[in-house]
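Read off the chains here:
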Amino acid sequence: AAGDAAAAASAAAASALQDLARLSPASEDRNATPEALLVHLRTLDAVRDKALWSHLERLISPTEELRTDEMPALLAELARLLRAQRLTELGFVLRRALLSTWLLPEHVPAVIEAWDADDTAAPGAANAVSSSKRRRSRKVDPASEAQAESSATQLVVRSLSKYFPGPFLQHAFAISQRLTRAEPDAARSALSALSALGKHAAASRTSEEGSDVSLQLPELGADGLVAGLVQVVQGAFSELPLARGSICRKAVRALSVLPDTEPWAALDQMLDWVEEQCSEAEERAKGPPVMAMHLAAACLERIFEFGDACPEGTLQHGREEKWVRLAGAVEQPGAPLLSDILCASVELYLAVRSTDRIAELLIKSNELPVESKLQLASIVLRPLRRGTVRVTTELLDELSAHICGIFAADSSTAVGDMDQLLVGFVKLHKPVAVHVRLADRLRLCATLPTVFALAPLKKYRETVQRMLQTSMLRALRQSAACKEPYLDFAVACFIHFLSRLEPFKTECSAALTKYPLSSKVSEVFVEALLRCEPGRNLELAVVALRVCDRARFFQDKELRASDAVQKAASVLRHVVEKNCPELGKQGTALLQTAERGSMPSELYAIRQDIGQQPQALTMGGEGGRAPAAMGVIADKVSDVARPMAAAARAGGGMGSSSATKRPLAVAGPAEVLGESAKRPHCA
């Protein structure tokens, strides 16, 4: 438990430091590092001057009484206090990080008034405010200029409400009035702003302080807000499936600006509207309403996200079987295979945590165009990275096969959808509100992005290469901080993933092959591993070779008759040795003296025939030493599950199995394939 707390604190500090470093002018210097800033931050943390902290608190959380003309004096006082503590190096970054230096509550009404002026301006108003000299110098299209000013104002409202929601909360009613405007852009901007405010209000309700910053909307009320949000949702029918789902989730989050328990009552109203739409479609013998299915998925995802925090009536409403039946509308006999309905059904299945039919729907989508396949892949990826759906071998296999099929087809016409899918992969490193098991996150980051090695464009491969490199670096640093073999786990997951990859299966079935596509996928993984920490490529190569060597004693837990794991390990070994030719005798020595490890029990099992294969007892190649107690494996083959570490507990580490709230275990007797017998075992 202490190790988990230390790891969580270290990860939070690293994330905060990276965010803060982006605001520092020193970040523009290529030679500047966040570690240099960390020294000054530690000194600041040790300061016990109450005046400094009180002054920072006032600037961090400005009140309505704070005015713009007071800021110069306040910033001068901050500089004096920092100078007294010999922390002048932090002056620039702190001034950029303070909320009061970006936006004050008195600025928000002016922004709202500018929005009103842009919306109500006549077509010639923009030209009227132009000077006569300006009109003579160039031709100005009044409509275009007014539209540009309106778009700029909407962008300001969307951005500022996202990053500084506090000052905008009391103006939620003024923003909500724009939901019913005729202009779609104005309504979308209002929806984005309300979604950001609702997210902030919901987080404030569930925070430890328990402060409720949600506000009442006396002139609009819950009914009017729901009606406006539903109107915006209905207007999104012309969007692509991925954008529809995003708009519906924003509409559901916007409900949190309502006070007390009204957000849940409003969410029930949305679900009632969905039921009405489904009933009308059934009476008219039409297909299932697509937008209603997307909105139902957003509502149910919200309910399952909060769980027991929801009122009992809302929770029971979300658990009704009719939502699963609605998701299965695409599988009805004679139903047309439309991409819109298929994407909505998959999203609704994932919202209710029902993944049994996802694999079949992914296979059925092979008849759709490439653009629809990419949209579907992005929809499936989102709940996996957010942790709302458990990462399973079957789901990972089907999703990777789906993406490989897209790359095998002509995807040059779907560059925009490909970019959206890539953005979904990049967001794997983004923190999420829902707690995600470290084992699932590391497995997902180390395996699924490697299929982009088969992407047609180089820019996709390079982006994924950098993302994998970041994943390996984080795993390496967490391994050092928590004393856990996270890198070994990542390599073991990749070998298992490669053994089930569709191109690898095709190459295995060939009479003679050099595994070209499998080697290409392994190349991306190995390059990311070896480059994640300069100067340690030899050590990291030994880690990969150690796991490849260890794979001989294990088999796929679900495909015990297959030798695909051993073949995949051989492919990875070849790529490692090719990319690290300096291994030589030094690498062999490091491999022979390396500690013996284990494999994840969720993916691997000990080979049943290993006790009858004396030639398999050699480790590290010919002349290597065998495990000390390898002879007893045949007698202890039933003892499969062992924890990789006792420090990692439920959700916080990688050392437990799902039955005991430990996300990861190792396969094999610890005294044979583990590091030592010092670690506590579980039967």
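Up top you'll find the structure we're talking about.
Residues numbered from 1 in each chain as written. Predicted model: local features only at pLDDT ≥ 70, side-chain atom pairs only at ≥ 80, totals over all residues. Heavy atoms only, no water.

A.B. asks: So what exactly am I meant to see when it comes to unusual backbone geometry here?
C.D. replies: Note on backbone geometry: most residues besides glycine have negative phi, and most peptide bonds are trans. For Arg353, which is not a glycine, the phi torsion comes out positive at approximately 65 degrees. Inspection of the secondary structure puts Arg353 in the loop between α19 (339-351) and α20 (358-364). At Lys483, a position not held by glycine, the phi torsion is positive, near 55 degrees. With respect to the secondary-structure elements, Lys483 resides in the loop between α25 (458-482) and α26 (486-499). (Helix = DSSP H or I, 4+ residues; strand = E, 2+ residues; numbered from the N terminus.)

A.B. asks: Can you walk me through the pattern of salt bridges in this structure?
C.D. replies: A side chain of one charge can pair with a side chain of the opposite charge when the charged atoms of the two come close. For the structure on display, the rule yields 26 salt bridges. Note that Arg58 and Glu70 form a salt bridge whose closest N and O atoms lie 3.5 Å from each other. Note that Arg58 is positioned in helix α3 (residues 50-60) and Glu70 in the loop between α3 and α4 (71-84), a separation of 12 residues in sequence. Assessed through its relative accessible area of 43%, Arg58 is described here as partly exposed. What makes Glu70 partly exposed here is its relative accessible area of 30%. When salt bridges with common partners are traced through the structure, they connect Arg390, Arg437, Asp440 and Glu602 into a single cluster. (Salt bridge = Lys/Arg side-chain N within 4 Å of Asp/Glu carboxyl O. Buried < 20%, exposed > 50% of the residue type's maximum accessible area, 1.4 Å probe, protein only.)

A.B. asks: Please clarify how empty space enclosed by the protein should be interpreted in this entry.
C.D. replies: Which parts of space are left empty comes out when a probe the size of a water molecule is rolled across the atoms. By the definition in use, this model includes three cavities of 30 Å³ or more. Empty space within the largest cavity amounts to approximately 130 Å³. In this structure, the largest cavity is lined by 14 residues; those nearest its centre are Glu301, Glu347, Ile379, Arg382 and Pro383. Where the lining of the largest cavity is concerned, the elements lending two or more residues are α14 (241-254), α16 (290-306), α19 and α21 (370-386). The element contributing the most residues to the lining of the largest cavity is α21, with four residues. (1 Å grid on protein atoms, 1.4 Å probe; cavity = no way out; pocket = protein on both sides within 12 Å on 5 of 7 lines; lining within 4 Å. Points joined across faces, edges and corners; volume = space filled by probe spheres on them.)

A.B. asks: Help me out: how do you make sense of the packing of aromatic side chains in this one?
C.D. replies: Each pair of aromatic rings is reported with the distance of its centres and the angle of its planes. Summed over the entire model, instances satisfying the criterion amount to seven aromatic pairs. The interplanar angle of 80 degrees and the centroid separation of 5.4 Å between the aromatic rings of Trp264 and Phe306 together place this pair among those described as edge-to-face. Residue Trp264 is located in helix α15 (residues 262-283), and its partner Phe306 is located in helix α16; the two are separated by 42 residues in the primary sequence. Given the relative accessible area of 22%, Phe306 is considered partly exposed. Site record: aromatic cluster; members linked through ring pairs are Phe407, Phe425 and Phe452. (Phe/Tyr/Trp six-rings, centres within 6.5 Å; stacked < 30°, edge-to-face > 60°.)

A.B. asks: Teacher, can you tell me more about the environment of Arg461 here?
C.D. replies: Structurally, Arg461 can be placed in helix α25. Residue classification places Arg461 among the partly exposed residues on the basis of a relative accessible area of 28%. Beyond its immediate chain neighbours, meaning those up to four positions away, Arg461 contacts Phe452, Ala453, Ala455 and Pro456. Polar contacts involving the side chain of Arg461 include one to the main-chain carbonyl oxygen of Ala455, which spans 2.8 Å. (Contact = heavy atoms within 4.5 Å. Polar contact = N/O pair within 3.5 Å; in protein donor to acceptor, adjacent residues only side chain to side chain.)

A.B. asks: Even after reading the chapter, I still don't get a negative patch on the surface, so can you show me in this structure?
C.D. replies: Residues Asp272, Glu276, Glu280, Glu282 and Glu283 make up a contiguous surface patch of negative charge. Tracing the backbone shows Glu280 in helix α15. (Patch = residues over 30% accessible without salt bridge, like charges linked within 9 Å, V, L, I, M, F, W, Y side chains within 5 Å. Areas by Shrake-Rupley, 256 points an atom, 1.4 Å probe, with all protein chains shown as cover. Lys, Arg positive; Asp, Glu negative; His and termini not counted. Charge placed at Lys NZ, Arg CZ, Asp CG, Glu CD.)

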